[in-house]
There are 2 protein chains.
Amino acid sequence: MKPSIPKGTRDFSSTEVARRNFIFNTIKHSFELFGFQPIETPSFENSSTLMGKYGEEGDRLIFKILNSGDYLNKANDKVLEDKDSNKLTAQISEKALRYDLTVPFARYVVQHQNDITFPFKRYQIQPVWRADKPQKGRYREFYQCDADVVGSTSLWQEVEFVKLYDAVFSKLNVKGTTIKINNRKILSGIAEVIGAKDKLIDFTVALDKLDKIGKDGVVAEMLAKGIAETAIEKVQPLFEFTGTNEDKLDALAAMLSTSEEGTKGVEELRFVVYNAQELGLETASLDLDVTLARGLNYYTGAIYEVAAPKEVKIGSIGGGGRYDDLTGIFGMKDVSGVGISFGLDRIYLVMEELGLFEDVALPKPKVLFLNFNENESLLKMKAVNELRANGVKAELYPDVAKSNNQQKKQWKYVDKRAIEFVVSDIEDNKFMLKNSETREQQLLTVNEIINIIH
Amino acid sequence: MKPSIPKGTRDFSSTEVARRNFIFNTIKHSFELFGFQPIETPSFENSSTLMGKYGEEGDRLIFKILNSGDYLNKANDKVLEDKDSNKLTAQISEKALRYDLTVPFARYVVQHQNDITFPFKRYQIQPVWRADKPQKGRYREFYQCDADVVGSTSLWQEVEFVKLYDAVFSKLNVKGTTIKINNRKILSGIAEVIGAKDKLIDFTVALDKLDKIGKDGVVAEMLAKGIAETAIEKVQPLFEFTGTNEDKLDALAAMLSTSEEGTKGVEELRFVVYNAQELGLETASLDLDVTLARGLNYYTGAIYEVAAPKEVKIGSIGGGGRYDDLTGIFGMKDVSGVGISFGLDRIYLVMEELGLFEDVALPKPKVLFLNFNENESLLKMKAVNELRANGVKAELYPDVAKSNNQQKKQWKYVDKRAIEFVVSDIEDNKFMLKNSETREQQLLTVNEIINIIH
């Protein structure tokens, strides 16, 4: 019986680790270039920190850790008799695995507020765990890569995040991403204008289908959802919402002129769009999308979402927005935050599909010294030693070959790991270096090998 | 009420993350230079993979994860009635947090044996969790940094690990470490010679106190532990066990000549010591220590332990050894392994005490552009943009100052984060760059700033 791992979790081979690290390092590098500082929080938090922060469904998906020792000692008899799992959990579990990076970050800010210099630009790249039903691209353990600023209401930060998305995806060579942007205040304005605040989600969901089902289809769906015909008429411009971002902003400004909040949203978005364009984007395009409403109950200003290049069919590869009261849940009021997140697993899939991993160096030796003769091992090991001191990944095959078969095994090792250079024999204290691909070989000193290989 | 984190866990500030990453990256770099490949395994494993692998005490210290949903549904009524925590655990928990990296690695090797090219040199740097009583330097969540080779019995690997320890600590600038080395077969030989296999631990523990309590004290302790006087006489040489490693090996060879296994151990150790010395060590010294017996029931050949430089009072900062049957627990027989581990947290404490973190760059901007005038913000942001494109960490203070107080706040920010360069005013499209330390300032173009700062 072969051992296995829990469903929804993954082992990563060295090739996968190398590719994932390439993405992580690129994101990290840009985060730091843009002035974000890393922090790390524990994998598990007190349950009281996490429970009730993600809604009922979220609470259910949080992995709880069983108390150590005789945990049933404190459990209530009645609860045990009733086999009431829900009630028992709080009595036998005090800790839970991190569900996202945002709540632990809020906890961190409140706990360490006296040591933090605000505005605080932090990034955090750590795994999170969710007891979700596993499926393609959805795991029970996965990484989040978040950058947030707290303690500043400046719109320049919102501009910066557009630039940051563009910088990361350009560095990853993922060209042609679309950074969709919206503003919660515009959505509120629309709700105000159509006179149906409670129908906002229905409205954006329907509007989002414009490409697929056409104007008539969208209107039919809106009517079915109970949005009044007069309301739908008021937002006519949204059905022909094309042109540049400026055109769209002008249309919105006219449409939302009666709404104070909507007008504010248009102004904010105009600032972000104008300045992002002034600064220029490398490979991404910025697209005002009024149907963008992710985390509606959470965001209060800018809303971002990044779509993969059109040739790859996959959901969003990043998202974020502004939330005016991040730390309120832990008693620290009026701290505005804005942040974005990168979806590591989806970015990995996109890069795989686009063939962008070819240049990622795999962790393997550049030169392998074959070990065919015990008497030469030390001399070869000294050469390996010198190569390493010069930064060249070199290795002596550990076991000396005592038969033809064992020699073949070493050559097979070279093949399987696709090692570029091999040293076989020694003559006059020089090493026979063979290029595995071209089959060329020459007798060289260690210094000559270093020069050739570097 | 301030929020808190579970005892034994830690938040890491950006300074701490930067310092820890400096250590991690140094270890990683050497691991890869020596031909080790990274793998990663899930944070939690099936309980059946972990339970019973670390002894009874280990089982107790493993963090168990509560099953999701109505987990009591499957629980046995009698067990609930008896409040039998031990028995209930298996019924309500199927997963557990990783306790070390070795067992998951063994599981990985067996599970992926058909995809692995042996000998397999893997490294793994990931956190582990233990429900241990927290104390200074002991945490419930901490990192392990392991490098192992499986599928080779070559003594060259044992030589390599001595070199690897030396390489890492030299790169970290932790000079004067002592790599203690021993061999399980020598310990077996000693047990054979003293005719008391079951007293081996008592024997090494007593012998280890030679420096502190002298020969008479050690002998007294051995007698008290029931080791025969005749036996103690046979190992007289160990009481004057000084000189070079070769001297010690000669003394051992004579003493253990009647033991086949002991003689084999001396030969193996002689190979490792001779070749390590031939290859040379940068800053560490290699010391044959027959009292070294860590993980006695586990190791079968070489045993390593690294002691910090003498000026720092702290336990071992690394350890490892050879185990002949790593994967046997998962049904794959006869796979020899040898590996070492680095103790991140203790290395951190050593480096802190030796003041070795001073040169570790903190993640902060090199230049801060003050934001005193709304009309200049875009121009400054464009400069920031260009600096970043040239790899310079630059930032615009996000919020524009609308009062003297707010201007002071920006200067305070520069102070608190110890930012080296500040740009205040713009004149003729040039930027006034001020060195925070020398107070010198000059009017420069962006390109001139790049040249000065690089």
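Keep in mind it's a predicted model, so treat the numbers as computed, not measured.

**Quick look at the overall build of chain A**
Point 1. What chain A contains, in helices and strands, is 17 helices and 16 strands.
Point 2. Taken over the C-alpha trace, chain A has a radius of gyration of 29 Å; the compact-globule value for 454 residues is 22 Å, which it surpasses by more than 25%.
Point 3. A buried classification covers 58% of the 454 residues belonging to chain A.
Point 4. By sequence separation, contacts in chain A at least 24 residues apart represent 68% of the contacts at least 6 residues apart.
Point 5. Here chain A has roughly 19700 Å² of accessible surface; of this, 46% comes from carbon and sulfur atoms.
Point 6. Distance between charge centroids for chain A: 5 Å, based on 60 positive and 67 negative side chains.

**A closer look at the pairing of strand S6 (residues 141-150) of chain B**
Residues and elements named next belong to chain B.
Point 1. With nine of ten residues buried, S6 lies mostly within the body of the structure.
Point 2. As paired strands, S6 and strand S11 (residues 337-342) are joined by six bridges and run antiparallel to one another. Bridge pairing links Asp146 to Ser341 in S11.

**Here's the deal with the packing of aromatic side chains**
Point 1. For the structure on display, the rule yields 36 aromatic pairs over all chains.
Point 2. Taken together, a centroid distance of 6.2 Å and an interplanar angle of 15 degrees make the contact between Tyr165 of chain A and Phe169 of chain A stacked. One end of the pair is Tyr165 of chain A and the other is Phe169 of chain A, both in helix H7 (residues 155-171) and four residues apart, which spans about a single turn.
Point 3. Grouped by ring-pair contacts, the aromatic residues Phe31, Phe36, Tyr123, Phe161, Tyr165, Phe169, Tyr304 and Phe342 of chain A constitute a single cluster.
Point 4. The lysine or arginine in question, Arg388 of chain A, covers the ring of Phe34 of chain B, its NZ or CZ lying 4.1 Å from the ring centre.

**Some thoughts on the confidence of the model for chain A**
Point 1. With 99% of its residues at a pLDDT of 70 or more, chain A has an overall mean of 94.
Point 2. Complex prediction metrics read pTM 0.95 and ipTM 0.94.

**Section: the relation of the copies chain B and chain A**
Point 1. When chain B is fitted to chain A, the best match, at an RMSD of 0.0 Å, comes from turning it 180 degrees and sliding it 0.0 Å along the axis. Such values leave the two copies arranged in the relation of a two-fold axis. Looking at the rotation axis and the C-alpha trace of chain B, the residue lying nearest is Ile65 of chain B, at 2.3 Å.
Point 2. When the interface residues of chain B are mapped onto chain A, 99% of them again lie at the interface, so the same face is used by both copies.

**Considering the interface of chain B and chain A**
Point 1. Counting residues at the interface gives 100 residues for chain B and 99 residues for chain A.
Point 2. Between chain B and chain A, the buried area comes to about 8900 Å², and carbon and sulfur atoms account for 57% of it.
Point 3. Scanning the region where chain B abuts chain A turns up twelve salt bridges.
Point 4. Between Glu160 of chain A and Arg388 of chain B there is a salt bridge; the shortest N-O distance is 2.5 Å.
Point 5. On inspection of chain B and its partner chain A, the count reaches 52 residue pairs in polar contact (both at pLDDT 80 or more).

**Quick word on the environment of Ile227 of chain B**
Point 1. Topologically, Ile227 of chain B is positioned in the loop between helix H10 (210-224) and helix H11 (229-234).
Point 2. Taking the C-alpha atoms as reference, Ile227 of chain B lies 8.7 Å from Asp202 of chain B; in sequence the two are 25 residues apart.

**With respect to empty space enclosed by the protein**
Point 1. In this structure the tally under the stated criterion is one cavity of 30 Å³ or more.
Point 2. Considering only enclosed or pocket space, the largest cavity measures out at about 30 Å³ in volume.
Point 3. Those elements that place two or more of their residues in the lining of the largest cavity are helix H15 (377-389) of chain A together with helix H7 (155-171) of chain B.
Point 4. In terms of residues, the lining of the largest cavity owes the most to one element, H15 of chain A, which gives four residues.
Point 5. By residue class, the composition of the lining of the largest cavity is four nonpolar, one polar and three charged.

**Notes on the packing of helix H1 (residues 14-33) of chain A against helix H14 (residues 344-353) of chain A**
Each pair of packed helices can be described by the angle between their axes along with the distance between the axes.
All names here are of chain A.
Point 1. Two elements in contact, H1 and H14, have axes separated by 10 Å at closest approach and are oriented at 110 degrees. Here H1 is positioned roughly perpendicular relative to H14, judged by the angle of their axes. Along its contact with H1, which presents Glu16, Arg19, Arg20, Phe22, Ile23 and Phe24, the element H14 presents Leu344, Asp345, Ile347, Tyr348, Met351 and Glu352.
Point 2. A class-by-class count of the residues in the contact of H1 with H14 yields seven nonpolar, no polar and five charged.

**Re unusual backbone geometry**
Point 1. With an omega of -5 degrees, the peptide bond running from Phe118 of chain A to Pro119 of chain A counts as cis.
Point 2. Assignment of secondary structure puts Pro119 of chain A in the loop between helix H6 (102-111) and strand S5 (120-129).
Point 3. Positive phi, close to 50 degrees, is recorded for Asp428 of chain A, a residue that is not glycine.
Point 4. Along the polypeptide, Asp428 of chain A turns up in the loop between strand S14 (421-427) and strand S15 (430-435).
Point 5. Within the chain, Asn429 of chain B stands out as a residue other than glycine whose phi angle is a positive 60 degrees.
Point 6. Looking at where Asn429 of chain B falls in the secondary structure, it is placed in the loop between strand S14 (421-427) and strand S15 (430-435).
Point 7. Using a relative accessible area of 57% as the deciding quantity, one classes Asn429 of chain B as exposed.

**A few points about the pattern of salt bridges**
Point 1. Within this structure, the stated rule accounts for 48 salt bridges over all chains.
Point 2. Lys185 of chain B serves as the salt-bridge partner of Glu268 of chain B, at 2.9 Å between the closest nitrogen and oxygen. Here Glu268 of chain B is found in helix H13 (residues 260-279), whereas its partner Lys185 of chain B is found in helix H8 (residues 184-194), with 83 residues between them in sequence. Note on accessibility: Glu268 of chain B and Lys185 of chain B belong to one class, buried.
Point 3. Here the residues in one salt-bridge network are Lys121 and Glu160 of chain A together with Arg388 and Glu395 of chain B, joined through shared partners.

**Quick notes on the domain arrangement of chain A**
Point 1. Domain annotation of chain A identifies domain 1 (14-353) and domain 2 (367-453).
Point 2. Centre-to-centre, using C-alpha coordinates, domain 1 of chain A lies 52 Å away from domain 2 of chain A.

**Things to note about the pairing of strand S10 (residues 316-323) of chain A**
Residues and elements named next belong to chain A.
Point 1. The buried count for S10 comes to seven of eight residues, which makes it a mostly enclosed element.
Point 2. Pairing of strand S9 (residues 302-307) with S10, which is carried by five bridges, proceeds in the antiparallel orientation. From the neighbouring strand, Val306 faces S10, where its bridge partner is Gly318.
Point 3. Summarising the sheet, S10 and strand S11 (residues 337-342) pair through six bridges and their orientation is antiparallel. For Gly321, the partnering residue across the bridge sits in S11 and is Gly339.

**Quick word on H7 of chain A**
All names here are of chain A.
Point 1. Here H7 contains 17 residues, and its C-alpha end-to-end distance of 25 Å stays within 8% of the 24 Å for a straight helix at 1.5 Å per residue.
Point 2. Within H7, 15 of the 17 residues are buried, which leaves it mostly tucked inside the rest of the structure.
Point 3. Directly after H7, the chain includes Asn173, whose backbone phi takes a positive value near 70 degrees.

Rules used throughout
- Residues numbered from 1 in each chain as written.
- Chains lettered and ligands numbered in written order.
- Predicted model: local features only at pLDDT ≥ 70, side-chain atom pairs only at ≥ 80, totals over all residues.
- Heavy atoms only, no water.
- Helix = DSSP H or I, 4+ residues; strand = E, 2+ residues; numbered from the N terminus.
- Rg over C-alpha atoms; globule rule 2.2 N^0.38 Å.
- Buried < 20%, exposed > 50% of the residue type's maximum accessible area, 1.4 Å probe, protein only.
- Contact = heavy atoms within 4.5 Å.
- Areas by Shrake-Rupley, 256 points an atom, 1.4 Å probe, with all protein chains shown as cover.
- Lys, Arg positive; Asp, Glu negative; His and termini not counted.
- Charge placed at Lys NZ, Arg CZ, Asp CG, Glu CD.
- Pairing = 2+ DSSP bridges.
- Phe/Tyr/Trp six-rings, centres within 6.5 Å; stacked < 30°, edge-to-face > 60°.
- Lys NZ or Arg CZ within 6 Å of the ring centre and 35° of its normal.
- pLDDT = per-residue confidence, 0-100.
- Least-squares fit on C-alpha atoms with pLDDT ≥ 70 in both.
- Buried area = accessible area lost by both parts, 1.4 Å probe.
- Salt bridge = Lys/Arg side-chain N within 4 Å of Asp/Glu carboxyl O.
- Polar contact = N/O pair within 3.5 Å; in protein donor to acceptor, adjacent residues only side chain to side chain.
- 1 Å grid on protein atoms, 1.4 Å probe; cavity = no way out; pocket = protein on both sides within 12 Å on 5 of 7 lines; lining within 4 Å.
- Points joined across faces, edges and corners; volume = space filled by probe spheres on them.
- Nonpolar A, V, L, I, M, F, W, Y, C, P; charged D, E, K, R; others polar.
- Axes fitted to C-alpha atoms, helices over the stretch in contact; angles between N-to-C directions.
- Parallel < 35°, antiparallel > 145°, perpendicular 65-115°, else oblique.
- Domains from an automatic or database assignment.
- Expected span 1.5 Å × (residues − 1).

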